[in-house]
Amino acid sequence: MKRRIFLQAVAAGAIGLHLGAAEAAPVVDVYKSATCGCCEGWVKHLRDNGFTVKAHDVANPEDYRKKYGMPQSLGSCHTAMVQGYAIEGHVPASDIKRLLAERPKAKGLAVPDMPLGSPGMDGPRKDPYDVLLVQPDGRHSVYRHYN
Ligand SMILES: [Cu+2]
């Protein structure tokens, strides 16, 4: 009897932990073209880091960049939405987590183009790149620099 109560408590604790993890893993909607391999790489990177990802294959990902107010000049190969923030390109999961924790008044984050060495653009070559915090008016500043 005691053992059973103990096991129930363990199970309840495990469920609590599980719900906690789910809470910390918001849904990311990704708009990409069906043939984009590096987009798939980025989706996998997000999933590996605890995000729930809904990948949508669309004919013109740039339509979604426009729709969600990301400047074309900061464009990459995919646009995503998470809790009201637009995420453009190969933004590392850790920066999205920071964004969702800090909740700045912003449009979202962008890694323009497709820098080698960013998540989903993995390989031997690593180029430096910036993650940009994009303001509602399109102005942007460096959120984090990667070497
Ligand atoms: Cu890409």
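Structure shown above.
Because the structure is predicted, anything quoted here is derived from the model rather than measured.

**Student:** Could you clarify how one ought to interpret the state of the cysteines in this entry?
**Tutor:** A disulfide bridge is the covalent bond that connects two cysteines by way of their sulfur atoms. Overall, the coordinates contain one disulfide when judged by the stated rule. Across a sulfur-sulfur distance of 2.2 Å, C36 and C39 are joined as a disulfide pair. Negative torsions about the S-S bond denote left-handed disulfides, and the value of about 75 degrees found for C36 with C39 makes this one right-handed. You'll find C36 and C39 in the same group, each marked buried.

**Student:** Got a minute to help me understand the pairing of strand 5 (residues 108–111) in this structure?
**Tutor:** Regular strands have side chains that alternate between both faces of the sheet. Of the two faces of strand 5, the one carrying G108 and A110 and the one carrying L109 and V111 are both buried. The pairing of strand 4 (residues 85–89) with strand 5 spans four bridges and is classified as parallel. Across the sheet, the residue bridging to I87 is L109, located in strand 5. Since strand 4 and strand 5 lie parallel, the crossover through helix 4 (residues 93–102) that links them has a hand, and here it is left-handed.

**Student:** Would you mind showing me how to read the pattern of salt bridges here?
**Tutor:** Any two side chains of opposite charge can pair, so long as their charged atoms come close to each other. If you walk through the whole model with that rule in mind, you get seven salt bridges. Note that E88 and R65 form a salt bridge whose closest N and O atoms lie 3.0 Å from each other. Highlighted residues: E88 in strand 4 and R65 in helix 3 (residues 61–67), separated in sequence by 23 residues. Since its relative accessible area comes to 0%, E88 is described here as buried. Look at R65 and you get buried, because its relative accessible area is 8%. Measuring nitrogen to oxygen at the nearest pair gives 3.0 Å for the salt bridge that ties D127 to R125. The class for D127 is partly exposed, based on a relative accessible area of 23%. Among the ionic contacts, a cluster of salt bridges with common partners joins K32, E40 and D57.

Cut-offs applied
Residues numbered from 1 in each chain as written. Predicted model: local features only at pLDDT ≥ 70, side-chain atom pairs only at ≥ 80, totals over all residues. Heavy atoms only, no water. Disulfide = S-S within 2.5 Å. Buried < 20%, exposed > 50% of the residue type's maximum accessible area, 1.4 Å probe, protein only. Helix = DSSP H or I, 4+ residues; strand = E, 2+ residues; numbered from the N terminus. Pairing = 2+ DSSP bridges. Right-handed = clockwise from strand over helix to strand, strands pointing away. Salt bridge = Lys/Arg side-chain N within 4 Å of Asp/Glu carboxyl O.

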